[in-house]
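A structural walkthrough
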Amino acid sequence: QRLKAAVHYTVGCLCQEVEEDKGVRFSKQSIAAISETTFRQCEIFAKDLEMFARHAKRTTVNTEDVKLLARRSSSLLKYITQKSEELSLNNMEQKHKKKKKSSAAKGERTPGEGEAAVTENEDSNMS
């Protein structure tokens, strides 16, 4: 119910933007109809995505499933593909930065220092 209300609110906001841009008015009934149609289409999309993943013997929906769903709209498919590539590049950059930070933190100690600390600990525990 909360999700349906959120969809209705978002559709209302989008309709307001269109009203301001195009000078067109939307009745409350038309906003409600658009909201209901949008919600039902999202339910269909969710079921399709779940079936695509299940067909591939997976339990998680991935970007390839979303691309398959968007295949009938070339502009949407192009947009999703572009965003997917941007996200993968950002993820790779973040992993690379984390790797550099962790290797820099490890590089502050010399290999012998770490071994000496462990040996001292073991010696004090034996006493």
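Preceding this paragraph is the structure being described.
Worth saying up front: this structure is predicted, and the values here are computed from it rather than measured.

Thresholds applied
- Residues numbered from 1 in each chain as written.
- Predicted model: local features only at pLDDT ≥ 70, side-chain atom pairs only at ≥ 80, totals over all residues.
- Heavy atoms only, no water.
- Salt bridge = Lys/Arg side-chain N within 4 Å of Asp/Glu carboxyl O.
- Helix = DSSP H or I, 4+ residues; strand = E, 2+ residues; numbered from the N terminus.
- Buried < 20%, exposed > 50% of the residue type's maximum accessible area, 1.4 Å probe, protein only.
- Core = buried A, V, L, I, M, F, W, Y, C linked by side-chain atoms within 4.5 Å.
- Contact = heavy atoms within 4.5 Å.

Let's talk about the pattern of salt bridges
Two side chains bearing opposite charge may form a pair once their charged atoms approach each other closely. A complete count under the given rule lists 7 salt bridges for this structure. Note that Arg54 and Glu50 form a salt bridge whose closest N and O atoms lie 3.0 Å from each other. A residue pair is termed a helical-turn pair when its members lie 3 or 4 positions apart in one helix, as Arg54 and Glu50 do in helix α2 (residues 28-55) at 4 residues. Residue Arg58 is joined to Asp65 by a salt bridge in which the shortest nitrogen-to-oxygen separation is 2.9 Å. A residue is classified by how much of its surface remains accessible, and Arg58, at 29% relative accessible area, is partly exposed. With relative accessibility at 4%, the residue Asp65 sits in the buried group. Beyond isolated ion pairs, a larger network of salt bridges with shared partners links Lys4, Glu36 and Arg40.

Let's talk about the nonpolar core
Val7, Val11, Cys15, Ile31 and Phe39 form the largest nonpolar core, which has 5 residues in total. Looking at this core, the elements with two or more residues in it are α1 (2-22) and α2. Take this core: its biggest share by element is 3 residues, from α1. Every residue in contact with Ile31, bar those within four places of it in the chain, is listed here: His8, Val11, Gly12, Cys15 and Phe26.

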